[in-house]
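Residue-level listing of the chains:
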Amino acid sequence: MSFNWRWDFTWDILPRLLAATLNTLIAAGAGYAIALVLGLILALAQRTGWRGLTVAVREFVEFIRSTPLVLQIFFVFYVGPQFGIRLSPWTSGMIAIGLHYSAYLSEVYRAGIEAVPKGQWEACRAINMSTRDTYLRIIIPQALPPSIAGMGNYLVGIFKDTPMLSVIGVAELMHTANAIGSESYRFLEPYTLVGVIFLAISLPTAGLIRLFEGWVRRKLGL
Amino acid sequence: MDMSAYPLELPEGDRPMVRFMNVTKSYGKLVVLDQLNLDISEGEMVSVIGPSGSGKTTVLRMLMTLETINGGVIYVDGKPLTHMPKNGTLVPADEKYLRRMRASIGMCFQHFNLFPHMTALQNCMEGPVQVLGLSKAEARARSEELLTMVGMIDKKDQHPSRLSGGQQQRVAIARALAMRPKVMLFDEVTSALDPEVIGEVTNVIRKLVTEHNLTMLMVTHQMGFARDISDRVCFFFGGKIEEQGPPDELFGNPQRDRTKQFLSAVKDAD
């Protein structure tokens, strides 16, 4: 075994990998958008006070969190068609990854909402606020800042989990690196580049999230 | 529960601002309030005193609909508060009815409960704008007038975290008053305050008593203050009103043993 890094090959494949990075970012972004919205719905559904709904949502969240993401991706893509739900790899991937992370994000939201003191709810009732305004104007703005760190972790998490979409043929970064490897029989450069690209995006993102959290706190005067 | 004993509405001429009629509250087997009957007239200032666990705060919380009741009916301005008339009988009120009734009641809390992400002025404007539907300009004028009244106008753009406890409580009073309630509830509003700022809050309440014809119900541990400003004082013990009367009578010449014990214990503590 000799260490044999070829720079010319590296420069050759870089544009292809960067193009695939865009796909990875789109996949992570779209999946995260689904997770953000669906997670909030799951968190609020557990607070409605309807016993059946609360239990159903709780079990759903537990189920999602206790089974592997890759299984969920296969399930949506391969089992869906048996029930007449035929989705492209991209759509299946977005749904699976969005669904998966919505379960985690719902827990982040739930913790954030529960951290808002009971007195805030009572103050809202004392000025006769509607439930909707209570959530939108008083509770969620206060639940948000302590949730941002957790939400940020899962943003980085979803980004790092996008390679799993390669198993159903989504042409993201990992999938492209594999393709390059099997065409050229060289794996060192493409895989190393994939690692560097992930690192180059993950690290600054984590820093930006901390800055964003500080900015939100100042903005809300907290 | 048989609701036929309770009128759908109190008759003209027998309409106190607040009437508790056989109101019972319990948590499981623990009875917090036992068949409470209490009338509060329009413009009256009633203080509620008693040992902790006597149910005094529960009275206020039920009026604010923060607690459900297990029996009896509360009437506010003649209308049932947590029940509504339906097919000639009283049934538990729905949210729409509750919101209509809640509009006549305002409350201040021991721990102020100001909205931390809003300035003092925004705290006061929130209800008028979002709930009453006032324009921003109207709400601002109303809020600034009230902040002036409580002596907080110069701090109107500060967030609660920048205000002392006494200042926060004065803003909280202005916020409650901005909703123009008929009945104001004060739940141990000076208990969480440093001794040197208690005066700035009691002075505001004193001003409300002398200058406004507001009906007020106040739970307090400050006997001197209660004696000073109340029209009537109720001593709660074990979920019941043990004794009530004009402050000079109740403090000066208590009739019941438990009242005497409580008052002397409180005096010793001072």
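Residues numbered from 1 in each chain as written. Chains lettered and ligands numbered in written order. Predicted model: local features only at pLDDT ≥ 70, side-chain atom pairs only at ≥ 80, totals over all residues. Heavy atoms only, no water.

1. What about the UniProt feature "domain: ABC transporter" (unreviewed entry) in chain B?
At step 1: The sites that UniProt annotates as "domain: ABC transporter" (unreviewed entry) are residues 18–263 of chain B.
At step 2: The span residues 18–263 of chain B is 37% helix and 28% strand, and its two end C-alpha atoms sit 27 Å from each other. (UniProt positions renumbered as here; feature names shortened; annotations may be inferred. Helix = DSSP H or I, 4+ residues; strand = E, 2+ residues; numbered from the N terminus.)

2. Focus: the nonpolar core
Residue and element names in this part refer to chain B.
At step 1: By size, the foremost hydrophobic cluster in this structure holds 48 residues, and its most contacted members are Phe20, Leu63, Ile74, Leu185 and Leu217.
At step 2: What Leu63 contacts, discounting residues up to four positions off in sequence, is Val18, Phe20, Ile74, Val76, Leu81, Ile105, Leu185 and Leu217.
At step 3: Ranked by size, the runner-up nonpolar core spans 39 residues in total, among them Val150, Ala172, Ala176 and Leu193. (Core = buried A, V, L, I, M, F, W, Y, C linked by side-chain atoms within 4.5 Å. Buried < 20%, exposed > 50% of the residue type's maximum accessible area, 1.4 Å probe, protein only. Contact = heavy atoms within 4.5 Å.)

3. As for the sheet that holds strand β1 (residues 18–27) of chain B
Residues and elements named next belong to chain B.
At step 1: Taken together, four strands build an open sheet; the order of strands is β2-β1-β4-β5 and the sheet is antiparallel. Pairing within the sheet leaves two strands with one partner each, and these edge strands are β2 (30–40) and β5 (79–80).
At step 2: By the bridge criterion, five bridges tie β1 to strand β4 (residues 71–76) in an arrangement that is antiparallel. Looking across to β4, one finds that Met21 is bridged to Val73.
At step 3: Lying on the sheet, helix α1 (residues 56–63) is in contact with β1, β2 and β4; it crosses β1 at an angle near 115°. (Pairing = 2+ DSSP bridges. Axes fitted to C-alpha atoms, helices over the stretch in contact; angles between N-to-C directions.)

4. Some thoughts on a nonpolar patch on the surface
At step 1: A contiguous nonpolar surface patch, about 270 Å² in accessible area, is contributed by A:Phe74, A:Tyr78 and A:Val167.
At step 2: On the secondary structure map, A:Val167 appears in the loop between α6 (131–161) and α7 (173–184). (Patch = residues over 30% accessible without salt bridge, like charges linked within 9 Å, V, L, I, M, F, W, Y side chains within 5 Å. Areas by Shrake-Rupley, 256 points an atom, 1.4 Å probe, with all protein chains shown as cover. Salt bridge = Lys/Arg side-chain N within 4 Å of Asp/Glu carboxyl O.)

5. Section: the interface of chain B and chain A
By a widespread convention, an interface's size corresponds to the accessible area lost as its parts come together.
At step 1: Taken together, the 25 residues of chain B in the interface contact 20 residues of chain A.
At step 2: For the pair chain B and chain A, the summed buried surface comes to about 2,000 Å²; carbon and sulfur atoms form 55% of the total.
At step 3: Along the contact surface separating chain B from chain A lie two salt bridges.
At step 4: In this structure, A:Glu122 and B:Arg61 form a salt bridge, with 2.7 Å as the shortest nitrogen-oxygen distance.
At step 5: Linking chain B with chain A are seven residue pairs in polar contact (both at pLDDT 80 or more).
At step 6: Only α2 (95–102), β8 (105–108) and α3 (120–130) of chain B provide two or more residues apiece to the side of chain B that touches chain A. (Buried area = accessible area lost by both parts, 1.4 Å probe. Polar contact = N/O pair within 3.5 Å; in protein donor to acceptor, adjacent residues only side chain to side chain.)

6. Examining the UniProt feature "transmembrane region" (unreviewed entry) in chain A
At step 1: Here the UniProt feature "transmembrane region" (unreviewed entry) sits at residues 20–45, 66–85 and 191–212 of chain A.
At step 2: Measuring from the first to the last C-alpha atom of residues 191–212 of chain A gives 31 Å, for a span that is 100% helix and 0% strand.

7. Things to note about the packing of helix α3 (residues 69–79) of chain A against helix α4 (residues 89–114) of chain A
All names here are of chain A.
At step 1: At a minimum axis distance of 9 Å, the contact between α3 and α4 shows a crossing angle of 135°. Viewed along their axes, α3 and α4 adopt a mutual orientation that is oblique. In this structure, α3 crosses over α4, and the sense of that crossing is right-handed. Facing Leu69, Gln72, Ile73, Val76 and Phe77 of α3, the residues of α4 in contact are Pro89, Ser92, Ala96, Ile97 and His100.
At step 2: Per-class residue counts for the contact of α3 with α4 are seven nonpolar, three polar and no charged. (Parallel < 35°, antiparallel > 145°, perpendicular 65-115°, else oblique. Left-handed = near helix turned anticlockwise from the far one by under 90°. Nonpolar A, V, L, I, M, F, W, Y, C, P; charged D, E, K, R; others polar.)

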